[in-house]
Amino acid sequence: MSALNSKALVAVIGAGAMGAGIAQVAAQAGHPVKLYDNRPGAAAQAVAGIDRQLGRLVEKGKLQPEARETISARLQPVEAIETLTDARLVIEAIIENLQVKQQLLQQLEGLCAEDCILASNTSSLSITSLAAGLQRPQQVVGMHFFNPAPLMALVEIVSGLATAPAIASTLYDTAKAWGKKPVHTRSTPGFIVNRVARPFYAESLRLLQEGAADCATLDALLRDAGGFRMGAFELTDLIGHDVNYAVTCSVFDAFYGDFRFQPSLVQKELVDAGRLGRKSGQGFYSYAEGAERPPAAQLRSQASAECCVVEGNLGALQPLVARLRDSGLAITERAGNGLLRVGDATLALSDGRLASQRAREEGLRNLVLVDLALDYQAATRIAISWSADTTAEAREQAVALLQHAGLQVTGIADLPGLVVLRTVVMLANEAADAVLQGVGSAADIDLAMCAGVNYPRGPLAWAEQLGVGYTLRVLENLQASYGESRYRPSLLLRRSAEQGANLHD
Ligand code: NAI
């Protein structure tokens, strides 16, 4: 362990939302902390705010009153940057502007000791650029907290080209000692989380644009089948469309317009209209007083299901069979190609082809495709789509079967990869490319997505569970359907599939 000694002075510059949160985290970990802001009085105000936050923890019984006093006593607001000379670690959380941050780092280099670590909480600027031109660029490192810093566990430790490995590892160990979950990453656009998360928003926006279903239905599917805390529309309404759209544009530009990161016209229109989400009272949803969230679309079948036939291994859909059995259905199992038959209907897990295409290519009548679920035992809702020639009766039978097992069934337009499946494979694809390009290890990337944005499972672990070969096939089918480089599979997925290797190997 090379963590900074907990008695070492930590200086935090910028007493806004992030700086105050970071100062609180460091003080709670035992460090004396100096907080500086160039706006007179801002640091003192922030320290008073932190004390109130700690007071709330005391009220909730999560902190002893004496601990509140001790922690608050460690926090010292200062009005002059020259008072930070004895800091061992400086974390800047000032405005997101390259020149202003560079000037600040230059000034700090002149003020602080040679071995002082200069960390930046930037979420979008290059650590390499921030350090360029400094005398000691090896001391500069990214320490990217998530908002609110006292609550969010993830910290991305970002190394620029010149960052000394020992500095990154000290900061990693220090973040761990502060009770955080750090990950190592390189200074590349979006670091880990803001890069790998892009498809989460992008696929829902695209599905909406292509008329798959409405926002409430797509959100419900990501929550109730995908196990995500929120769907993409309610989440971007919360984040603010101006902020979320700006991050997408900056990542897209930074990757020289790679279509994987292409921003959405649907979201741009919201921004243009000033419908920024919760904060403006209207985004995809209305936040006007008394406004109600529209319900998710649901199919209801009058047919009854009593038995079904499972042909071969259903792959990731297999756990559904136990749920069907538990619901009292009679199940016959026989050899076959991974199909589930009920009445005239044939059900299968989507493989990224359109239902109509697959029905024709495989000669399947009345084909109904089923979406991926995080856990088919626990899911409360599932999406289906069907081929153009599937009869209404067959569809009713398929819905009745899923309803029998207690699932709410949502029908969506015939689009490749349905909702959860295409979102998950695209997340895994981006994560795989990030591993391939050395942005982070597979373990760190999965951890980052779970601890930073609360994903129910790391995208790479999810792809492994789905099967690396299957994930690759879904992406190939998506790419063939759209003919766009946006869906091109990562070489890492192809190589791992060829080698029969896992992504964490
Ligand atoms: P904020 O606007 O709430 O606070 C910034 C503070 O820095 C203000 O109090 C301002 O007076 C002060 N400041 C500006 N220029 C300064 C200078 N030259 N010297 C000293 N103080 C200065 O901003 P926020 O949201 O706290 O963000 C700060 C940094 O953290 C940015 O780099 C941002 O990209 C990054 N970040 C923000 C996250 C968020 O969700 N808000 C999440 C992760 C990182």
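Just so it is clear, the structure is predicted and the values come from calculations on it, not from any experiment.

## A short note on the site of the ligand
Residues in contact with the ligand amount to 22 residues; listed here are only the nearest, Met18, Asp37, Arg39, Glu96 and Lys101. Methionine 18 has a polar backbone atom sitting 2.9 Å from an oxygen atom of the ligand. In a pocket analysis with a 2 Å cut-off to the grid points, the ligand is assigned to the largest pocket. Of all the secondary structure elements, the ones that give two or more residues to the shell around the ligand are α1 (17-28), α4 (98-111) and β6 (140-145). Looking at the shell around the ligand residue by residue, the classes come out as 10 nonpolar, eight polar and four charged.

## Points about the UniProt feature "domain: 3-hydroxyacyl-CoA dehydrogenase NAD binding" (unreviewed entry) in the protein chain
UniProt tags residues 10-186 as "domain: 3-hydroxyacyl-CoA dehydrogenase NAD binding" (unreviewed entry). In the segment residues 10-186, helix accounts for 41% and strand for 21%; the C-alpha atoms at its two ends are 24 Å apart.

## Considering the UniProt feature "domain: 3-hydroxyacyl-CoA dehydrogenase C-terminal" (unreviewed entry) in the protein chain
Residues annotated by UniProt as "domain: 3-hydroxyacyl-CoA dehydrogenase C-terminal" (unreviewed entry) correspond here to residues 190-287 and 417-500. Between the end C-alpha atoms of residues 190-287 there is a gap of 30 Å, over a span that is 58% helix and 0% strand. Between the C-alpha atoms that bound residues 417-500 the distance is 23 Å, and the span itself is 73% helix and 0% strand.

## Considering the environment of histidine 504
Its location among the elements puts histidine 504 in the segment after α20 (491-499). The class of histidine 504 is partly exposed, set by a relative accessible area of 35%. Along the primary structure histidine 504 and arginine 365 are separated by 139 residues, whereas in three dimensions their C-alpha atoms are 39 Å apart. In this view, histidine 504 contacts Ala442, Ala443, Asp446, Leu460, Ala461 and Glu464; residues no more than four positions away in its chain are not counted.

## Observations regarding the side chain of threonine 390
Structurally, threonine 390 is set in the loop between β14 (381-386) and α15 (392-404). There is a polar contact of 3.0 Å between the side chain of threonine 390 and the backbone oxygen of leucine 367. Separated by 2.9 Å, the side chains of threonine 390 and serine 387 make a polar contact. Those residues in contact with threonine 390 that sit more than four places away from it in its chain are Asn366, Leu367, Val368 and Arg395.

## With respect to the environment of serine 126
When you line up the elements, serine 126 lands in the loop between β5 (117-120) and α5 (127-131). Remark: the alpha-carbon pair of serine 126 and lysine 101, spanning 25 residues in sequence, is separated by 11 Å. Reaching out from serine 126, the side chain makes a polar contact with the backbone nitrogen of threonine 128 at a distance of 3.2 Å.

## Considering the sheet that holds strand β13 (residues 367-370)
Paired through backbone hydrogen bonds, the strands of a sheet run either parallel or antiparallel to each other. As summarised here, the arrangement of the seven strands in space is β10-β9-β11-β12-β13-β14-β15, forming an open sheet in which the pairing is mixed. Either end of the sheet is taken by a strand with one partner, and the two such strands are β10 (330-334) and β15 (408-411). Across this sheet, the average inter-strand angle for adjacent strands is 30 degrees, counted without regard to direction. Packing against the sheet, α15 makes contact with β9 (307-311), β11 (339-342), β12 (345-349), β13, β14 and β15, and its axis sits at approximately 55 degrees to β12.

Each value, and the rule that gives it
Residues numbered from 1 in each chain as written. Predicted model: local features only at pLDDT ≥ 70, side-chain atom pairs only at ≥ 80, totals over all residues. Heavy atoms only, no water. Near = heavy atom within 4 Å. Polar contact = N/O pair within 3.5 Å; in protein donor to acceptor, adjacent residues only side chain to side chain. 1 Å grid on protein atoms, 1.4 Å probe; cavity = no way out; pocket = protein on both sides within 12 Å on 5 of 7 lines; lining within 4 Å. Sits in = over half its atoms within 2 Å of the grid points. Helix = DSSP H or I, 4+ residues; strand = E, 2+ residues; numbered from the N terminus. Nonpolar A, V, L, I, M, F, W, Y, C, P; charged D, E, K, R; others polar. UniProt positions renumbered as here; feature names shortened; annotations may be inferred. Buried < 20%, exposed > 50% of the residue type's maximum accessible area, 1.4 Å probe, protein only. Contact = heavy atoms within 4.5 Å. Pairing = 2+ DSSP bridges. Axes fitted to C-alpha atoms, helices over the stretch in contact; angles between N-to-C directions.

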